[in-house]
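Here is how the chains run, residue by residue.
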Amino acid sequence: MSQHYLNVLFAPKSIAVFGASDRTDSVGGVVFENLRTAGFAGPVFAINPKRDTVQGVPAYPSLEKVGQAVDLAVICTPAATVPGIIETCGKLGVRGAVILTAGFSEGGAEGQALEKRLLETATRYGLRFIGPNCLGTMRPSIGFNATFNRGMAKSGNLALVSQSGALCTAILDWAQVSDVGFSSVISMGASADVDFGEILDFLVHDPQTESILLYIEGIRQSRSFMSALRAAARVKPVIAVKVGRHASGMKAAQSHTGALVGGDDVFDAALKRAGVVRVQSVTQLFALAKALSSRYRRCGNRLAVVTNAGGPGVIATDRAADLGLTLAELSAETMAGLNKALPATWSHSNPVDIIGDATAERYETAITACMQDDGVDGVLVILTPQAMTNPTGVAQKVIALANDHAKPLLTCWMGEAQVREARRMFTEARIPHYRTPELAVETFSFIADFYHNQQMLLQAPGPLSHHEEPDVEGARMLIESVLAERRTVLSEMESKALLSAFRIPVARTMVAHSPNEALLIAEQLGFPVAMKINSPDITHKTDAGGVRLNLGSAQALRAAYHEIIEQVQKSCPKARIEGISIEPMVVKPNGRELMVGIVADPVFGPVITFGAGGTAVEVLADRAVALPPLNQHLVDNLISGTRVSRLLKAFRNMPPANMEALESLLLRISEMVCELPWIREMDINPLIVDENGALAADARVIVGLCPASADRYAHMAIYPYPTHLVAQWQLADGTGITIRPIRSEDAEILQGFMRAMSDESRYFRFMDMVRELNPTMLSRFTQIDYDREMALIATTEEEGREIQIGVARYIINPDGESCEFATAVADAWQGRGIGQKLMRSLIEVARAKGLRVMESEVLSRNAGMLELAEALGFEISQLEGDDGVRKVKKQL
């Protein structure tokens, strides 16, 4: 496969520095010195019209005078000059730029106009750039240091991507003394052109990068961000620090980067859904970076603590409880072994306190027992330097044990002077070590979170989750009629009609426009009733005095009607009153009042909220959020993320709430989000749930116009499983075939398909003698992002079970306009039109996606595939430099 299109930004062959200087205290001076002295193999040209030489080498007045091809421009000149420099670079074929200069979108209207001009110029010439207002980029393995940081980072396997240049310099300084190396250091600055999504895409394909660290202040394109993030987290651990958790921090983040910042709890939910571990501080980022640069990747959350002092063990236990970690329950076999080997005064529980006079051998015995216990996922070893302690001797034993076990082994040698040598040994052995028990426990929790969030990443729900399909068309017509009347707020009756279209149970409601009409409706519905003001301008009806409950007689109803009108006119004199809604009084003695809603986040689009309901919803502030689409696993996570979830279980004399009904309702809300992009806000409050079911007692929906798009799910940050691509087909002999997108649960039938293929068929598909797919390959082929790639499989039933008989897939190239495809059909099913049907379906999907080109490389002796390609209108040509391979290409 060809090099990534952003490769020029990280591995250029030649560089020109605009603003190169002799001044060692200037940005241009530091950058030019870094590029010349870090070991970069290609030519580095100084562009400075005021100097004949810079730092002892020739300087050029302009890029035209260089007389050689330049791959990358590094720009450190004033902001006003940058668009002109980009224009010159574009004309002379420069393909990339790193713009260090500040003074663009973060500097007000004038800077924003300058940035717009800069971007338009770069786009015209196809020149991609990082920045402006950034520290620069670094690729230590090739001696490429286009930053104004003092010194070069050590080469390693961590990639650091940050919107803060200052934070980059702090991390780089810390990394030097901590012996942590980097594959790339990328300071993004304002991200006017290349954004997180494209950077992540580059790092996914970068063989030098094993883990990715992100410092995020805000993002611009949520779909590309989530798509790239999910793709990266499938194959490499991704850790993020997201600042702006509070209102003041969000304001500072917006002014610093000019990027959009969404609600923090929404951002948190997005990162978890993408399989990413989020840390809350730079200290935690450093700590986790240290762990990731070692051998540890994922584990459960059962922690054992081995210590020679009770106090630090208690501190570790408290912090574990704060973070929801489980202290491992040691098995009877482990306890028996410890009782036999340790002094009678040991703690006889976890934390395993082996007493202050613990020798290196006693530590070894305790750690080994814990590591061999199947109920333990990781071990934290704590040492305090007491008079009888040998910190270095214990460290030697720990290092030897770490090499013998795959489970995470973290260390906390407390103190300073007496443990300094032991810490140096841990650093050299790449074993995570921490100064405090709290930080060590936090790091273990993040490693455990990685495993949990990976389960979230595996979820690929469809837009529709029930067998009984909703009346989507009726719901759309209702919304369109509201918008046609130039309204955005649906009445209570309209809101409940929308819910009913998606099979959500609602309290029956009718609107009265006079006391007599109210009485007639109440008689029809049956007393007691509830009365609520019906106004598009009033959200909180109780606060406005617009609610009366449990009205049991005609006299009480008439009086309540007049009271509501008078009180609302007094509290909200400008509100439009469109009558009073009447509904039966919902009497559920075991009912729990909940709230379910939809909110349009400015970054991630629609999100689903769940929490405690009723009139005190703002005070209780008990809510959890999730990005749609949802499935059973994600719904359970959403519910359990709230305090009110504990009230849904049986307590005192109340039976447990009907969780099946609640989960079903949340899945229906997910369907609404997917299929109704006009929804801006929705509240169901209260949603009353008891042992018999769930009922929406009140609802309010706000809608808005949507931009036209060929992508039916363009409003969503996560693309749902594309159920609209599932199709039924028949072979000539009547055999039923299902053609559908692949799902994560298809790993077993995909493996069966691979095993059933002949050696020749496997070789034609992979150009290698692959006999079966390893777990990583299975995950890669079944856990796909439908926004970036597509895999259509053909299945049929055989002896009552589904089997796969063919597959056609494409992956979109980084240019966003072309894709590479591959197809294969089981040997026993070849020659029956399955390959052609799959490919025609795949071509239509690619065309609908807006792709322009489909291409592939096919072995010259794969006559069947070449014949199929020709029949489908592909151009076939010889691959340059390889007689055994043909290039097939189709313009869409």
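Quick note: structure is the one above.
Residues numbered from 1 in each chain as written. Predicted model: local features only at pLDDT ≥ 70, side-chain atom pairs only at ≥ 80, totals over all residues. Heavy atoms only, no water.

Q: Got a minute to help me understand the overall build of the chain in this structure?
A: For the chain, the count of helices and strands is 28 helices and 38 strands. Taking 892 residues into account, the globule formula puts the C-alpha radius of gyration at 29 Å, and the chain, at 32 Å, falls close to it. Dimensions of the chain, computed from C-alpha atoms along their principal axes, come out at roughly 95 × 80 × 70 Å. Taking all 892 residues of the chain together, 55% fall into the buried category. (Helix = DSSP H or I, 4+ residues; strand = E, 2+ residues; numbered from the N terminus. Rg over C-alpha atoms; globule rule 2.2 N^0.38 Å. Buried < 20%, exposed > 50% of the residue type's maximum accessible area, 1.4 Å probe, protein only.)

Q: What's the story with helix α20 (residues 554-571) in this structure? I'm lost.
A: The periodicity of an α-helix, 3.6 residues per turn, causes residues three or four positions apart to be oriented the same way. Compared with the 26 Å implied by 1.5 Å per residue over 18 residues, the 26 Å span of α20 between its first and last C-alpha is a close match. Burial in α20 covers these residues: Leu 557, Ala 560, Tyr 561, Ile 564, Ile 565 and Val 568. Around the axis of α20, the buried residues are gathered within 130 degrees of arc, so they sit on the same side. Residues of α20 that are exposed and angled more than 90 degrees away from the buried face: Gln 555, Glu 566 and Lys 570. Of the surrounding secondary structure, the elements contacted by the buried residues of α20 are β21 (510-512), α19 (515-525), β22 (529-533), β23 (547-551) and β24 (580-584). (Expected span 1.5 Å × (residues − 1). Arc of directions from axis to C-beta. Contact = heavy atoms within 4.5 Å.)

Q: Which parts of the structure should I look at to understand the packing of helix α14 (residues 391-404) against helix α15 (residues 420-429)?
A: When two helices pack together, you describe them by how their axes are tilted relative to each other and by the distance separating the axes. The geometry of α14 relative to α15 is characterised by a closest axis approach of 8 Å and an angle of 15 degrees between their N-to-C directions. In terms of their interaxial angle, α14 and α15 are classed as roughly parallel. Pair α14 / α15 crosses with right-handed handedness. Contacts between α14 and α15 pair Pro 391, Thr 392, Ala 395, Gln 396, Val 398 and Ile 399 from the former with Glu 421, Ala 422, Met 425, Phe 426 and Ala 429 from the latter. (Axes fitted to C-alpha atoms, helices over the stretch in contact; angles between N-to-C directions. Parallel < 35°, antiparallel > 145°, perpendicular 65-115°, else oblique. Left-handed = near helix turned anticlockwise from the far one by under 90°.)

Q: So what exactly am I meant to see when it comes to unusual backbone geometry here?
A: Trans peptide bonds make up the majority, and among non-glycine residues the majority have a negative phi. The linkage connecting Asn 350 with the following residue, Pro 351, adopts the cis geometry, with an omega of 10 degrees. The omega torsion across Phe 527 and Pro 528 is -5 degrees, close enough to zero to call that bond cis. Mapped onto the secondary structure, Pro 528 falls in the loop between α19 and β22. For Gln 55, which is not glycine, the phi dihedral falls at a positive 55 degrees. Residue placement: Gln 55 occurs in the loop between β3 (53-54) and β4 (57-60).

Q: So what exactly am I meant to see when it comes to the nonpolar core here?
A: Side chains that are nonpolar tend, in soluble globular proteins, to be buried together. Core analysis: the biggest nonpolar cluster contains 62 residues, and Val 17, Val 74, Leu 214, Phe 225, Phe 604 and Leu 627 have the highest contact counts within it. Look past the residues within four positions of Val 17 in its chain and what remains in contact with it is Val 31, Phe 32, Leu 35, Val 44, Phe 45, Ala 46, Ile 47, Val 74 and Cys 76. Core analysis: the second largest hydrophobic core is formed by 53 residues, Leu 731, Ile 812, Leu 842 and Ile 843 among them. (Core = buried A, V, L, I, M, F, W, Y, C linked by side-chain atoms within 4.5 Å.)

Q: What exactly am I supposed to notice about the environment of Gln 728 here?
A: With respect to the secondary-structure elements, Gln 728 resides in strand β31 (residues 727-730). Looking at Gln 728, the relative accessible area reads 61%, which means it is exposed. C-alpha separation for the pair Gln 728 and Asn 550, spaced 178 residues apart in sequence, amounts to 54 Å. In contact with Gln 728, other than residues within four places in its own chain, are Ile 737 and Thr 738. A polar side-chain atom of Gln 728 sits 3.0 Å from a polar atom in the side chain of Thr 738. (Polar contact = N/O pair within 3.5 Å; in protein donor to acceptor, adjacent residues only side chain to side chain.)

Q: Looking at this structure, how should I read the pattern of salt bridges?
A: A side chain with one charge may pair with a side chain of the opposite charge, provided their charged atoms come close. All chains considered together, the criterion is met by 45 salt bridges. Between Arg 278 and Asp 268 there is a salt bridge whose closest N-O contact spans 3.3 Å. In this pair, Arg 278 sits in strand β14 (residues 277-279) while Asp 268 sits in helix α9 (residues 264-273), placing the two residues 10 residues apart along the sequence. Across the pair Arg 548 and Glu 563 runs a salt bridge, and its minimum N-O distance is 3.3 Å. Here the residue Arg 548 occupies a position in strand β23, and Glu 563 occupies one in helix α20, the gap between them amounting to 15 residues. Within this structure, Glu 492, Lys 496, Lys 532, Lys 541, Glu 583 and Asp 698 form a network of salt bridges that share partners. (Salt bridge = Lys/Arg side-chain N within 4 Å of Asp/Glu carboxyl O.)

Q: Help me understand the sheet that holds β24 in this model?
A: Remark on secondary structure: sheet strands pair via backbone hydrogen bonds, oriented parallel or antiparallel. A sheet is described by the order of its strands in space; here 4 strands give the open sequence β21-β24-β22-β23, paired in antiparallel fashion. Edge strands, defined here as strands with exactly one partner in the open sheet, are β21 and β23. Taken pair by pair, the neighbouring strands of this sheet meet at an average axis angle of 25 degrees, ignoring direction. Bridge count for β22 against β23 is 3 bridges, and the pairing is antiparallel. When the sheet's bridge partners are listed, Met 531 is paired in β23 with Arg 548. In the packing of helix α18 (residues 492-501) onto the sheet, contacts are made with β21, β22 and β24, and the angle to β24 comes to roughly 45 degrees. Of the strands in this sheet, β21, β22, β23 and β24 touch α20, which is tilted by about 20 degrees from β22. (Pairing = 2+ DSSP bridges.)

Q: For this particular structure, what's the right way to read empty space enclosed by the protein?
A: Over the atoms a probe the size of a water molecule is rolled, and this reveals where empty space is left. Using the criterion set out here, one finds 3 cavities of 30 Å³ or more in the structure. Its boundaries defined by the atoms lining it, the second largest cavity holds a volume of some 90 Å³. Looking at the second largest cavity, the residues that line it are Leu 750, Phe 753, Met 754, Met 757, Arg 765, Phe 766, Leu 773, Phe 781, Val 807, Arg 809 and Ala 824. Looking at the lining of the second largest cavity, the elements that each hand over two or more residues are α24 (747-756), α25 (759-766) and β34 (801-812). The leading source of residues in the lining of the second largest cavity is α24, at 3 residues. (1 Å grid on protein atoms, 1.4 Å probe; cavity = no way out; pocket = protein on both sides within 12 Å on 5 of 7 lines; lining within 4 Å. Points joined across faces, edges and corners; volume = space filled by probe spheres on them.)

Q: Is there a simple way to think about a negative patch on the surface in this case?
A: Taken together, the side chains of Asp 543, Glu 618, Glu 681 and Asp 683 present a region of like negative charge at the surface. Within the element layout of this structure, Glu 618 appears in helix α21 (residues 617-620). Residue classification places Glu 618 among the exposed residues on the basis of a relative accessible area of 52%. (Patch = residues over 30% accessible without salt bridge, like charges linked within 9 Å, V, L, I, M, F, W, Y side chains within 5 Å. Areas by Shrake-Rupley, 256 points an atom, 1.4 Å probe, with all protein chains shown as cover. Lys, Arg positive; Asp, Glu negative; His and termini not counted. Charge placed at Lys NZ, Arg CZ, Asp CG, Glu CD.)

Q: I'm lost on the side chain of Thr 795 in this one. Help?
A: Along the chain, the position of Thr 795 falls in strand β33 (residues 789-798). Among the polar contacts listed, one links the side chain of Thr 795 to the side chain of Glu 802, at a separation of 2.9 Å. Setting aside chain neighbours within four positions, we find Thr 795 in contact with Gly 736, Ile 737, Thr 738, Arg 740, Ile 749, Glu 802, Ile 803, Gln 804 and Ile 805.

Q: Looking at this structure, I do not really get the packing of α19 against α20. What am I missing?
A: Between α19 and α20, the shortest axis-to-axis distance is 9 Å and the interhelical angle comes to 135 degrees. The pairing of α19 with α20 is recorded here as oblique in orientation. The chirality of how α19 crosses α20 is right-handed. Residues Pro 515, Asn 516, Ala 518, Leu 519 and Ala 522 of α19 form the contact with α20, whose own contacting residues are Ala 554, Leu 557, Arg 558, Tyr 561 and His 562. Among the residues making up the contact of α19 with α20, the classes are represented as 7 nonpolar, 2 polar and 1 charged. (Nonpolar A, V, L, I, M, F, W, Y, C, P; charged D, E, K, R; others polar.)

Q: Explain the sheet that holds strand β7 (residues 128-130) here, please?
A: Across the sheet, which stays open at both edges, the 7 strands sit in the order β3-β4-β2-β1-β5-β6-β7 with mixed pairing between neighbours. Either end of the sheet is taken by a strand with one partner, and the two such strands are β3 and β7. As paired strands, strand β2 (residues 44-47) and β4 are joined by 2 bridges and run parallel to one another. Across the sheet, Ala 46 pairs through a bridge with Ala 59, a residue of β4.

Q: Can you walk me through the pairing of β33 in this structure?
A: Across a regular strand the side chains alternate sides, sitting on one face of the sheet and then on the other. Burial of β33 is extensive: 8 of the 10 residues sit out of reach of the surface. In terms of strand pairing, strand β32 (residues 736-741) meets β33 through 4 bridges, oriented antiparallel. Bridging from a neighbouring strand, Arg 740 pairs with Ile 793 of β33. Both β33 and β34 contribute to a ladder of 10 bridges, which runs antiparallel. Residue pairing for β34: Leu 792 is matched across the bridge by Ala 808. Hairpin connection from β33 to β34: 2 residues lie between these consecutive antiparallel strands, with Glu 799 at a positive phi of about 55 degrees.

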